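Observations on the model geometry
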Amino acid sequence: MEKSQGTLIVTGAAGGIGRAIAERFTVDYSDTYTGVFAVRNTSNPNTQLLRKILLKAKNPSTIFPLENQHPRLHRLSPPITALVLNAGYMSKRSQCLTEDGYETTFQVNYLSNFLLVLLLLQSMQPLHARVIYITSWTHDPSDPHSRALPLQSEMWRPFPDLAAPSCPDKKLGMTTLGLRRYAESKLWGMMFMQKLQSRVNAMPALRHICALAVDPGGVFSTDIMREQAWIWRQPLRGLLRVMTPCVQWVAPNGALRTAGKAARDILNACFEVDGTVVGRWPRGLYLNGDVRKVSSEESRDEVKQEELWEGSLKLVGLLEGDTALMLGVGGPNLL
Ligand SMILES: NC(=O)c1ccc[n+]([C@@H]2O[C@H](COP(=O)([O-])OP(=O)(O)OC[C@H]3O[C@@H](n4cnc5c(N)ncnc54)[C@H](OP(=O)(O)O)[C@@H]3O)[C@@H](O)[C@H]2O)c1
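Residues numbered from 1 in each chain as written. Predicted model: local features only at pLDDT ≥ 70, side-chain atom pairs only at ≥ 80, totals over all residues.

What the UniProt record of the protein chain gives under Sequence similarities (unreviewed entry) is the line "Belongs to the short-chain dehydrogenases/reductases (SDR) family." (UniProt positions renumbered as here; feature names shortened; annotations may be inferred.)

Details of the overall build of the protein chain
Along its length, the protein chain carries eight helices and eight strands. In terms of overall dimensions, the protein chain is globule-like: its C-alpha atoms have a radius of gyration of 19 Å, near the 20 Å expected for 335 residues. The principal-axis extent of the C-alpha atoms belonging to the protein chain is close to 55 × 50 × 40 Å. Expressed as a percentage of its 335 residues, the buried residues of the protein chain come to 44%. In the protein chain, 79% of the contacts between residues at least 6 apart in sequence involve partners at least 24 apart. (Helix = DSSP H or I, 4+ residues; strand = E, 2+ residues; numbered from the N terminus. Rg over C-alpha atoms; globule rule 2.2 N^0.38 Å. Buried ≥ 20, exposed ≤ 12 C-beta atoms within 10 Å, placed from the backbone. Contact = placed C-beta atoms within 7 Å.)

Digging into the nonpolar core
Core analysis: the largest hydrophobic core is formed by 84 residues, its most contacted members being Ile21, Val84, Ile132, Leu212 and Ile266. Per element, the largest residue contribution to this core is 11 residues, and it comes from helix 5 (residues 174–201). Among all residues touching Leu212, those that are not within four sequence positions of it are Arg130, Ile132, Met193, Ala269, Pro282, Leu285 and Leu287. (Core = buried A, V, L, I, M, F, W, Y, C linked by C-beta atoms within 7 Å.)

Quick notes on helix 6 (residues 230–250)
Taking 1.5 Å as the rise per residue, helix 6 with 21 residues should run 30 Å; its terminal C-alpha atoms sit 29 Å apart, in good agreement. Along helix 6, the sharpest kink reaches roughly 45 degrees, centred on Thr244 and followed within four residues by the proline Pro245. (Expected span 1.5 Å × (residues − 1). Bend = angle between axes of the 7 residues up to and from the residue.)

Details of the pairing of strand 4 (residues 80–85)
With six of six residues buried, strand 4 is to be regarded as a mostly interior element. With four bridges connecting them, strand 1 (residues 7–10) and strand 4 associate as parallel partners. Its bridge partner lying in strand 4, Leu8 is registered against Ala82. Pairing of strand 4 with strand 5 (residues 129–134), which is carried by four bridges, proceeds in the parallel orientation. Across the sheet, the residue bridging to Val84 is Ile132, located in strand 5. (Pairing = 2+ DSSP bridges.)

Here we look at the pairing of strand 1
Residues Thr7 and Ile9 of strand 1 are buried on one face, and the alternating residues Leu8 and Val10, pointing to the opposite face, are buried as well. In the sheet, strand 1 pairs with strand 2 (residues 34–39) via four bridges, with the strands oriented parallel. Note on strand 2: the bridge partner recorded for Leu8 is Gly35. Taking the sense of rotation as the criterion, the β-α-β connection linking strand 1, helix 1 (residues 16–28) and strand 2 turns out right-handed. (Right-handed = clockwise from strand over helix to strand, strands pointing away.)

Describing the confidence of the model for the protein chain
When pLDDT is averaged along the protein chain, the result is 90; 93% of the residues meet or exceed 70. Below pLDDT 50 for its whole length, residues 329–335 participates in 22 contacts with residues either more than four positions away or in separate chains. (pLDDT = per-residue confidence, 0-100.)

A closer look at unusual backbone geometry
Cis geometry is found at the peptide bond from Phe159 to Pro160, where omega equals 0 degrees. By secondary structure assignment, the location of Pro160 is in the loop between strand 5 and helix 5.

Let's talk about the site of the ligand
Taken together, the neighbourhood of the ligand is formed by 24 residues, with Gly12, Gly15, Ile17, Gly88 and Thr222 sitting nearest. Per element, the largest residue contribution to the shell around the ligand is three residues, and it comes from helix 1. Here the residues of the shell around the ligand sort into nine nonpolar, 12 polar and three charged. (Near = placed C-beta within 6 Å. Nonpolar A, V, L, I, M, F, W, Y, C, P; charged D, E, K, R; others polar.)

Here we look at helix 8 (residues 302–316)
Relative to the 21 Å expected for 15 residues at 1.5 Å per residue, helix 8 spans 21 Å between its end C-alpha atoms, a close match to the ideal helical length. When we look at burial in helix 8, the residues that qualify are Lys304, Gln305, Leu308, Ser312 and Leu315. Taken down its axis, helix 8 places every buried residue within 100 degrees of arc, on the same side. Turned more than 90 degrees away from the buried face of helix 8 sit Val303 and Lys314, all of them exposed. On the buried face of helix 8, the contacting elements are helix 4 (104–120) and helix 5. A positive backbone phi angle near 70 degrees is found at Gly317, which sits one or two residues after helix 8. (Arc of directions from axis to C-beta.)

Description of the packing of helix 5 against helix 8
The contact between helix 5 and helix 8 brings their axes to 9 Å, and the two run at 95 degrees. The orientation of helix 5 relative to helix 8 falls into the category roughly perpendicular. Taken together, the residues of helix 8 that come into contact with helix 5 (itself represented by Trp188, Met191, Phe192, Gln194 and Lys195) are Lys304, Gln305, Leu308 and Trp309. (Axes fitted to C-alpha atoms, helices over the stretch in contact; angles between N-to-C directions. Parallel < 35°, antiparallel > 145°, perpendicular 65-115°, else oblique.)

Dropping the structure here:
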């Protein structure tokens, strides 16, 4: 066993892409890094599968019950090299609020990541740390893959409507409403990465931290569509899953991708330093799999980014001193 040089944290680790990350991590990186695989339920069958995968890790890797445990993550040793914000949810129900009173997709896909990152900045390696948000092409209505979807060309809404939309338009149907909420949450995540990058750039102690986003592509072997209509969950998903390896062989970074390919791209974003795609300082980088891309126009709107940041700070109730970031200090947005 080699001495571990840093810690990788992955949220939503028991899910389809999370387990694929664990598989590749144990083979390619676990001699150099320690893995912390955060789950919300330590006893569900997917967590048992994850546990089996991690038995092969060369440095001890752990399954971590994330709920209410943020304080323990501060004491991680060695410090964090990469934090992968992978937990994600797509609903097909009418609007569903969390115990905290926020729309569920907003809280799972965006706000909990905002809080986690700000709390963990102090535990990151000062000279090399990356925060990687797992996004989706749905954040960009002009993306060729999104054009066929019933997304709105402008997704922004002011607070508090952004966190808990007041009056969903029932005429649209649950699938459309769920998809829109998902797309919006991915847009907030993209804006967060860009704003985070500009904030850490402005602080000498944190300026080596890089905030990135990776779109894993269409990965139909996972459970992300667990609430979708039967036709999507069963026959269509099964068909796409069978077709994926062939389609990926023809178009390696195309619309359909295996979980293994998604995991490889995400781990490259975490650890690659010498290559031409990620590079040594991938500040504010957006990757569609293994290709650099420009994120949606709306995600680059600095006024909206600032509004989202300030609104989110109020929602999570963080004060100066709760995070390594100076909350009042802005900075140039490099994107
Ligand atoms: N699959 C795709 O085509 C695709 C495309 C673009 C982006 N993505 C993104 O990739 C990421 C991974 O998704 P996946 O495809 O692997 O789907 P998945 O199999 O459903 O995995 C999602 C993970 O998120 C966790 N999660 C869901 N709700 C949560 C909550 N309330 N609190 C904490 N954890 C929660 C799930 O936990 P449990 O295991 O306990 O259910 C699961 O581990 C997501 O962010 C997704 O949006 C996926």
